[in-house]
Amino acid sequence: MQRKSDSSRPSGATFAYKPKRESNASVKKAAGNRLRSGPDPRQKGQPTGAQFKEIDRATRLGAWRRHHIKMAADSLMRLLRAPFSSLMTWGVIAIALSLPVGLYVFMSNAQLVSSNWDGTAQISLYLHDRVQDRQGRELANTLQLRDDIAETRFLSKEQTLAEFREFSGFGEALNYLDSNPLPAVIIVRPNAMSVEAQQALVAQLDEMAEVEEAQLDLAWVKRLFHIMELGQHMIAALGLLLSLAVLLVIGNTIRLAIENRRQEIIVVKLIGATDAFVRRPFLYTGIWYGLGGGLLAWLLINASLFWLDGPVKALASAYASDFSLIGLNAGDSLLLLFSSTLLGWFGAWIAVSRHLGEVEPR
């Protein structure tokens, strides 16, 4: 008897049922929809893509200031991390600056010494014989009231003869004279002024009715003025030459610094750094070199003056003088530091402008 087949089972080969797999796009879409808790930014009215925000001027100035401070501090720390080489550069700059500044201090002291030698020549006013001693003294007192005259001194005929007897060496011969041939004299010491002003003053005094002749020995005054003028020109020329030497020293030092940081410069230029951005640390390096050299030069000059002060005072005391050396005052010191700093910045700027353009990404 044939077994009856079960109608509920399918005939032939059978396969297990598998649900239909959804596509990756639909799964990602569903996952995205499940994870998003807020509204879809791609909906209409919502901004999409990169956004730009305008930076105000105060923010830019703040960033510029912070970068300047950072570059200044970083440049100083680089110099301090190499103290031996930095000190050598500062020493060369200090010596170059000390020479003209030291000569300037020497000239200032020389002018002070020359001013102690009455400052100017003395004018001798020889009076007429008819002028009495009382009139001569009144004339001397009147002349001393003028602004261009510092001091007057009246010498009668007897006083002039006594001085001539003492200093001429003809004392015994003067005893055989029947009368005194010397006139009364007014010694005039003008205020410190130029040679031309002194000559004009002599011409005015010579025209007075009581004065027979006015004399002024300008030979040593002219020599002194010419020596001072020559010294000032020499100081100016030496200062210019040594300032050029300082520029060359700082420029060569900055050039070596640029070569040592060539790869760093190339990298920052590749990411869009401007020339001003790259130039800034080297300019601050030049400023620190100049300022350090100026401070060291100031110390050298003051140490030299302190060392020479004792011998100069001993020499002045031998001539019954209380002269002492004068150094750099506050204005001169600030001018020295400002000039050295300016030289450092200018030397660095020349070097950076010359060599920074050669460092470019390839």
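Look above for the structure.
The structure displayed is predicted, hence computed values, not measured ones.

Visitor: Would you mind showing me how to read the overall build of the protein chain here?
Guide: Within the protein chain, the secondary structure is distributed over eleven helices and four strands. Taken over 362 residues, the protein chain has a buried fraction of 30%. Sequence-distant contacts in the protein chain: of pairs separated by 6 or more residues, those separated by 24 or more amount to 80%. Summed over its atoms, the accessible surface of the protein chain is roughly 25,400 Å², and 60% of this surface lies on carbon and sulfur atoms.

Visitor: For this particular structure, what's the right way to read the sheet that holds strand S4 (residues 211-216)?
Guide: Adjacent strands of a sheet form backbone hydrogen bonds with each other and so pair up, either parallel or antiparallel. Strand order across the open sheet formed by four strands is S2-S3-S1-S4, with antiparallel pairing between neighbours. One side of each edge strand has no neighbouring strand; the edge strands of this open sheet are strand S2 (149-155) and S4. When the angles between neighbouring strand axes are averaged without regard to direction, this sheet yields 20°. As judged from the four bridges shared by strand S1 (residues 123-127) and strand S3 (residues 185-190), these two strands associate in the antiparallel manner.

Visitor: I tried to follow the packing of helix H2 (residues 57-81) against helix H10 (residues 275-318) on my own but got confused; where do I start?
Guide: Helix packing geometry: the angle between the two helix axes and the distance between the axes. Here H2 crosses H10 at 50°, and the two axes come no closer than 9 Å. Viewed along their axes, H2 and H10 adopt a mutual orientation that is oblique. Read as a crossing pair, H2 and H10 show a hand that is right-handed. Contacts from Trp-64, His-67, His-68, Met-71, Ala-72, Ser-75, Leu-76 and Leu-79 in H2 reach Phe-277, Arg-280, Pro-281, Tyr-284, Thr-285, Trp-288 and Tyr-289 in H10. Tallied by class, residues from the contact of H2 with H10 come to ten nonpolar, four polar and one charged.

Visitor: Quick question: what am I supposed to make of the pattern of salt bridges here?
Guide: Oppositely charged side chains can pair when the atoms bearing their charge come close. Enumeration according to the criterion identifies eight salt bridges in this entry. Residues Glu-259 and Arg-262 are paired through a salt bridge, measuring 3.2 Å at the closest nitrogen-oxygen approach. When the shortest N-O distance is used, the salt bridge between Glu-264 and Arg-261 registers 3.2 Å. On the basis of relative accessible area, Glu-264 is assigned to the partly exposed category, the value being 38%. Here the salt bridges do not stand alone but share partners, grouping Asp-74, Arg-78, Arg-261 and Glu-264 into one network.

Visitor: So what exactly am I meant to see when it comes to the environment of Met-71 here?
Guide: With respect to the helices, strands and loops of the structure, Met-71 is situated in helix H2. Classification of Met-71 by relative accessible area gives buried; the value is 13%. Put simply, Met-71 and Thr-285 are 214 residues apart on the chain and 9.1 Å apart in space, counted from C-alpha to C-alpha. Those residues in contact with Met-71, other than ones at most four positions away along the chain, are Arg-280, Pro-281 and Tyr-284.

Conventions we followed
Residues numbered from 1 in each chain as written. Predicted model: local features only at pLDDT ≥ 70, side-chain atom pairs only at ≥ 80, totals over all residues. Heavy atoms only, no water. Helix = DSSP H or I, 4+ residues; strand = E, 2+ residues; numbered from the N terminus. Buried < 20%, exposed > 50% of the residue type's maximum accessible area, 1.4 Å probe, protein only. Contact = heavy atoms within 4.5 Å. Areas by Shrake-Rupley, 256 points an atom, 1.4 Å probe, with all protein chains shown as cover. Pairing = 2+ DSSP bridges. Axes fitted to C-alpha atoms, helices over the stretch in contact; angles between N-to-C directions. Parallel < 35°, antiparallel > 145°, perpendicular 65-115°, else oblique. Left-handed = near helix turned anticlockwise from the far one by under 90°. Nonpolar A, V, L, I, M, F, W, Y, C, P; charged D, E, K, R; others polar. Salt bridge = Lys/Arg side-chain N within 4 Å of Asp/Glu carboxyl O.

By themselves, these observations are geometric and do not establish any function.
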